[in-house]
Amino acid sequence: MKWTRGVVKRKVTWAEGLFTLEIKAPEVASFEPGQFLQLGFDEADGHLHRPYSVASPHRETLDFFIVLVEDGRLTPKLCKLEEGAEIDVSARAAGSFTLKHCPEESKSIWLIATGTGLAPYIAMMREQEVWERYEKVVVVHGVRHGSDLAYQPELIEHRVKYGDRFAYVPVVSRESVDGAIEGRITTAITSGELEKTSGLEFSTESCVMMCGNPAMLDETESLLVERGLTKHKRKEPGQIVVERYW
Ligand SMILES: Cc1cc2nc3c(=O)[nH]c(=O)nc-3n(C[C@H](O)[C@H](O)[C@H](O)COP(=O)(O)OP(=O)(O)OC[C@H]3O[C@@H](n4cnc5c(N)ncnc54)[C@H](O)[C@@H]3O)c2cc1C
Ligand SMILES: NC(=O)c1ccc[n+]([C@@H]2O[C@H](COP(=O)([O-])OP(=O)(O)OC[C@H]3O[C@@H](n4cnc5c(N)ncnc54)[C@H](OP(=O)(O)O)[C@@H]3O)[C@@H](O)[C@H]2O)c1
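Residues numbered from 1 in each chain as written. Chains lettered and ligands numbered in written order. Predicted model: local features only at pLDDT ≥ 70, side-chain atom pairs only at ≥ 80, totals over all residues.

Draft legend 1. Layout of the site of ligand 2. Near ligand 2 you find 22 residues, and of these G17, G115, S173, N213 and A215 are the closest. Of all the secondary structure elements, the ones that give two or more residues to the shell around ligand 2 are β8 (136-143), α5 (185-191) and α7 (214-226). For the shell around ligand 2, the residue count by class is nine nonpolar, seven polar and six charged. Both of domain 1 (3-90) and domain 2 (99-244) provide at least three residues apiece to the shell around ligand 2. (Near = placed C-beta within 6 Å. Helix = DSSP H or I, 4+ residues; strand = E, 2+ residues; numbered from the N terminus. Nonpolar A, V, L, I, M, F, W, Y, C, P; charged D, E, K, R; others polar. Domains from an automatic or database assignment.)

Draft legend 2. Fine view of the sheet that holds strand β12 (residues 240-244). Strand order in this open sheet of six strands is β10-β9-β8-β7-β11-β12, and the pairing throughout is parallel. In this open sheet, the two strands that pair with only one neighbour each are β10 (181-182) and β12. Inspection of the sheet shows strand β7 (residues 108-114) paired to strand β11 (residues 206-212) by six bridges, in the parallel sense. By the bridge assignment, A113 is partnered in β11 with C211. Sheet contacts for helix α4 (residues 152-162): β8 and β9 (166-172); angle to β9, the most-contacted strand, approximately 150°. Sheet contacts for α7: β7, β8, β11 and β12; angle to β12, the most-contacted strand, approximately 165°. (Pairing = 2+ DSSP bridges. Contact = placed C-beta atoms within 7 Å. Axes fitted to C-alpha atoms, helices over the stretch in contact; angles between N-to-C directions.)

Draft legend 3. Local environment of the environment of E27. Here E27 shows up in the loop between β2 (18-24) and β3 (36-43). Separated by 32 residues in sequence, E27 and R59 place their C-alpha atoms 9.8 Å apart. When neighbours within four sequence positions are excluded, E27 is seen to be in contact with T4 and A91.

Draft legend 4. Representation of the site of ligand 1 within the structure. The environment of ligand 1 is made up of 20 residues, and the closest members are R50, G72, L74, T75 and T116. Put simply, the parts of the chain that give the shell around ligand 1 at least two residues each are β4 (46-53) and β5 (61-67). Here the shell around ligand 1 gets four residues from one element, more than from any other, and that element is β4. A breakdown of the residues in the shell around ligand 1 according to their chemical character gives 11 nonpolar, six polar and three charged. Formed jointly, the shell around ligand 1 draws a minimum of three residues from each of two domains, domain 1 (3-90) and domain 2 (99-244).

Draft legend 5. Representation of α7 in the model. The end-to-end C-alpha distance of α7, which contains 13 residues, comes to 19 Å, matching closely the 18 Å that a straight helix rising 1.5 Å per residue would cover. Turning to α7, its buried residues are M216, L217, T220 and L224. Projected down its long axis, α7 shows its buried positions confined to an angular sector of 95°, all on one face. Counted as exposed and oriented over 90 degrees from the buried face of α7: P214, A215, S222 and E226. Taken together, the buried residues of α7 touch β7, β8, α5, β11 and β12. Residue G228 follows α7 closely and has a positive phi angle near 95°. (Expected span 1.5 Å × (residues − 1). Buried ≥ 20, exposed ≤ 12 C-beta atoms within 10 Å, placed from the backbone. Arc of directions from axis to C-beta.)

Structure follows, in structure tokens:
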């Protein structure tokens, strides 16, 4: 792997253990919103690194939305970084969780995430393509607690700018929060509450991107398959496009 030097310019803490690092890494090659880079450090026993979706489009300073996995190897180190700290950033992004890899004919798009799976969508919504290509964009963010609903001011700005063409649907599983669906994304699909709240149906006319917790991805995919949607493949077009974080 080829590494470039990154410097932390700013750290935004959304909740304890949930943060965004803005890292100046001007040597990173151009990439598509939705792709990921590796972040890490050279350690005595080798290079320790992990993939992270970039939460911003390509530019000199790149955003990464990260959660602390308490018994993890890298995130406790990332969590301790402050402004001015240095970090290795891979020179080239990778991944096919991008609008380029979504079916061409979809009229609308669901952007479904749990936790930090919101990151690739933040990057996409900062660029024009998603707004130009789709009649309706729906962001569904499933989290444990209301305090984990990061990026709300930015999401609300999209709502102000795009009106009914954009829906932001927070789903909170472990407490009741005003303006959010209570429970899991999967239960809100089964009950019909997700479609009702967002004003969009799951149909073959919509692309469904989903990212984050692997159990949520598997269960949501099964529910969508029951509704007649299929995984999108280049040779067998469908609607569902997935990014697994672990
Ligand atoms: C393509 C891709 C993009 C990713 N983008 C992001 C991102 O934008 N933000 C982010 O925070 N993470 C992201 N991840 C996860 C990230 O790469 C690491 O796995 C994570 O940060 C844990 O690293 P660690 O060294 O602390 O834990 P490790 O010591 O590697 O332990 C890994 C274990 O931690 C658990 N785990 C990993 N990630 C999570 C998570 N997000 N929530 C709960 N449990 C988890 C799993 O059980 C996993 O087996 C992404 C992963 C992939 C494959
Ligand atoms: N503020 C934070 O977010 C924070 C801070 C510090 C550390 N951490 C750690 O980071 C790790 C990840 O936490 P996280 O909260 O970001 O991610 P998470 O455990 O994946 O939970 C995010 C959301 O996904 C839901 N979910 C889990 N399994 C699902 C399934 N099968 N179908 C549908 N929805 C499902 C959860 O519901 P349930 O609540 O029902 O499980 C929750 O609403 C954990 O180890 C946590 O301890 C998190």
